Amino acid sequence: MGEGPGEREREEGVSPSPSSFPSPSSPRHARCELLAGRALHTSPYAELLLEAMRTSGCAVYRDRHFSCEDCDGNVSGGFDASTSQIVLCQNNIRNQGHMNRVVTHELIHAFDHCRAHVNWFTDVKHLACSEVRAANLSGDCSLGNELTRFNFGFKKHHQTCVRERALRSILAVRKVSREAAEKAVDEVFDSCFNDREPFGRIPHGKKDARFAYRDFQNRDRYYSNV
């Protein structure tokens with residue numbers, strides 16, 4: 001979820017490399033834990049994803065599935081498929097809004113890992129699909145975020161943003177050529193862009209996410225009564 005060309009951050013099927021073992025008592029670690037807790041309890045994006053994973057048989061527990069660590073470079077977070085753990089890069093996450101987006105992005109990867117047999121490490125198209133979905137549904141490409149990057153003003157901008165951010169994420173974590181990464185994104189883009197589970201829509205902001213969460217809860221109650 002990089003904020004510009006010079007700040008490439010990774011959200012992918014493998015975790016970022018920790019630059020050091022974090023001290024649980026450090027102010028930076030405590031701040032990360034605080035921001036993460038707020039994201040999990042107040043962000044409608046995160047609340048919906050946590051509920052969707054629970055109903056899919058993949059309950060998420062904060063102490064088990066989230067880890068605040070120092071990371072190399074400008075990485076903000078990552079999903080470690082081998083441990084089903086989300087790494088939050090405490091040295092690079094700037095504020096609550098940034099934390100909310102990182103948590104949401106990584107939870108989408110975790111949701112995909114839960115519901116599908118994702119081959120993160122050998123099939124670049126699987127990775128591309130999850131990156132397209134994460135960029136599309138997490139708010140990475142919201143109008144507000146794009147305005148802060150000075151990216152706006154052309155037709156189908158959301159789709160272009162999703163494609164570019166998915167491509168950047170793949171190149172950040174896979175030793176593949178740009179041509180191969182673009183080919184993978186192109187091949188999966190339409191189907192994965194239109195796969196909006198568990199939101200049922202593209203949540204362009206918190207209001208959309210709250211409506212999506214309400215609809216998800218109502219859908220869950222409907223099916224439990226059928």
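One can find the structure itself at the top, above this paragraph.
Since the model is a prediction, treat every value here as computed from it, not as a measurement.

Student: Where do I start with the overall build of the chain in this structure?
Tutor: Within the chain, the secondary structure is distributed over nine helices and four strands. Reading the secondary structure of the chain in the N-to-C direction produces β-α-α-α-β-β-β-α-α-α-α-α-α. Sorting the 226 residues of the chain into buried and exposed places 49% on the buried side. Here the analysis covers contacts within the chain between residues at least 6 apart in sequence; of these, 67% occur between residues at least 24 apart. Counting only carbon and sulfur atoms, one obtains 52% of the accessible surface of the chain, whose full area is about 11,100 Å².

Student: What's the story with helix α5 (residues 124–137) in this structure? I'm lost.
Tutor: The periodicity of an α-helix, 3.6 residues per turn, causes residues three or four places apart in sequence to face the same way. The terminal C-alpha atoms of α5, which comprises 14 residues, lie 20 Å apart, in line with the 20 Å expected from a rise of 1.5 Å per residue. The buried fraction of α5 amounts to 11 of the 14 residues, a majority that puts the element mostly inside the structure. If you check which residues of α5 are buried, you get Leu127, Ala128, Cys129, Ser130, Glu131, Val132, Arg133, Ala134, Ala135, Asn136 and Leu137. Structurally, the start of α5 carries an N-cap: the backbone nitrogen of Lys125 is 3.0 Å from a side-chain oxygen of Asp123.

Student: Would you take a moment to explain the pattern of salt bridges for this structure?
Tutor: When the charged atoms of two side chains with opposite charge come close together, those side chains can pair. In this structure the tally under the stated criterion is 14 salt bridges. Here Glu51 and Arg54 are joined by a salt bridge, their closest N and O atoms 2.7 Å apart. Here Glu51 and its partner Arg54 are both found in helix α2 (residues 44–55), three residues apart, which amounts to about one turn of the helix. What makes Arg54 partly exposed here is its relative accessible area of 47%. Ionic pairing is found between Arg163 and Asp186, a salt bridge with its closest N-O pair at 2.6 Å. With Arg163 in helix α7 (residues 157–173) and Asp186 in helix α8 (residues 178–193), this pair connects stretches of sequence that are 23 residues apart. Among the residues examined, Arg163 registers a relative accessible area of 29% and is labelled partly exposed.

Student: How should I be thinking about the packing of aromatic side chains in this particular structure?
Tutor: Any two aromatic rings considered together are summarised by their centre-to-centre distance and by the angle between their planes. A complete count under the given rule lists three aromatic pairs for this structure. The aromatic ring of Phe189 is capped on one face by Arg163, whose charged end is 4.1 Å from the ring centroid.

Student: Honestly, the environment of Phe79 in this entry has me stumped. Any pointers?
Tutor: Checked against the element boundaries, Phe79 lands in strand β3 (residues 77–80). Along the sequence, Phe79 and His113 sit 34 residues apart, while their C-alpha atoms lie 9.6 Å from each other.

Calculation notes
- Residues numbered from 1 in each chain as written.
- Predicted model: local features only at pLDDT ≥ 70, side-chain atom pairs only at ≥ 80, totals over all residues.
- Heavy atoms only, no water.
- Helix = DSSP H or I, 4+ residues; strand = E, 2+ residues; numbered from the N terminus.
- Buried < 20%, exposed > 50% of the residue type's maximum accessible area, 1.4 Å probe, protein only.
- Contact = heavy atoms within 4.5 Å.
- Areas by Shrake-Rupley, 256 points an atom, 1.4 Å probe, with all protein chains shown as cover.
- Expected span 1.5 Å × (residues − 1).
- Polar contact = N/O pair within 3.5 Å; in protein donor to acceptor, adjacent residues only side chain to side chain.
- Salt bridge = Lys/Arg side-chain N within 4 Å of Asp/Glu carboxyl O.
- Phe/Tyr/Trp six-rings, centres within 6.5 Å; stacked < 30°, edge-to-face > 60°.
- Lys NZ or Arg CZ within 6 Å of the ring centre and 35° of its normal.

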